[in-house]
Amino acid sequence: MAESFITTNRFFDNKNYPRGFSRHGDFTIKEAQLLERCGQAFNELDLGKRQPQTEEEKLFVAMCRGEREPVTPEEKVWSKYMSRISRPKRFHTLSGGKPQLDPSEDYTDTDD
């Protein structure tokens, strides 16, 4: 992996992970470190802004296009990241259901 996914910039996602990947709980420490270290290269390869230079990067691009399943740790963490940011955020309510109207109160319009 020494020649693959080289980048000088750290990868951060302040929109979806404002406190960092490792503090959010979606990723292990190793996955968070891999995303921060190589995520910029992953993103550029995925978006087509960067051409793959090695065989590993070519396989990564094929995985991003859906031509193959993720196999390497880099492919797995990027796939996991993309699935997390593309699905809507879950939220929980305290009541556990929709608000209900009180049947004892009459809310019909009586102005005839």
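Positions within a chain are numbered from 1, following the residues in the order the chain's sequence is written. Local features are withheld for residues below a pLDDT of 70 in this predicted model, meaning they are given only at 70 or higher, and side-chain atom pairs are given and counted only at 80 or more; totals for whole chains, interfaces and linings count all residues. Side-chain numbers come from the whole structure's heavy atoms, not from hydrogens or water.

K.L.:
I keep staring at the packing of aromatic side chains and nothing clicks. Help me out?
P.N.:
Each aromatic ring pair is characterised by the separation of its centres together with the angle its planes make. For Phe, Tyr and Trp, where Trp contributes only its six-membered ring, two rings pair if their centres lie within 6.5 Å, and the inter-plane angle classes them as stacked under 30 degrees, edge-to-face over 60, or tilted in between. Applying the stated criterion across every chain yields a total of 13 aromatic pairs. Residues F21 and F27 carry aromatic rings whose centres are separated by 5.9 Å and whose planes lie at 90 degrees to one another, so their mutual orientation is edge-to-face. In this pair, the class of F21 matches that of F27, namely buried. Feature note: the residues F5, F11, Y17, F21, F27, F42, F60, W78 and Y81 constitute an aromatic cluster, connected by ring pairs. Each residue is assigned to one of three classes by its accessible area relative to the maximum for its type, calculated with a 1.4 Å probe on protein chains only: buried under 20%, partly exposed between the two thresholds, exposed over 50%.

K.L.:
When you look at the nonpolar core in this model, what are you seeing that I'm missing?
P.N.:
Nonpolar side chains tend to gather and get buried jointly when the protein is soluble and globular. Take the buried Ala, Val, Leu, Ile, Met, Phe, Trp, Tyr and Cys residues and link them wherever side-chain atoms come within 4.5 Å; each set so joined is a nonpolar core. Judged by nonpolar contacts, the single largest core of 18 residues is most densely connected at F21, F27, F42 and Y81. Secondary structure counts use DSSP, requiring at least four H or I residues in a row for a helix and at least two E residues in a row for a strand, with both numbered from the N terminus. Secondary-structure elements contributing two or more residues to this core are α2 (29-47), α3 (55-64) and α4 (73-86). Excluding residues that lie within four positions of it along the chain, F21 makes contacts with F11, F12, D13, F27, A32, L35, E36 and Y81. Only heavy atoms matter for contacts: two residues are in contact if any of them lie within 4.5 Å across the pair.

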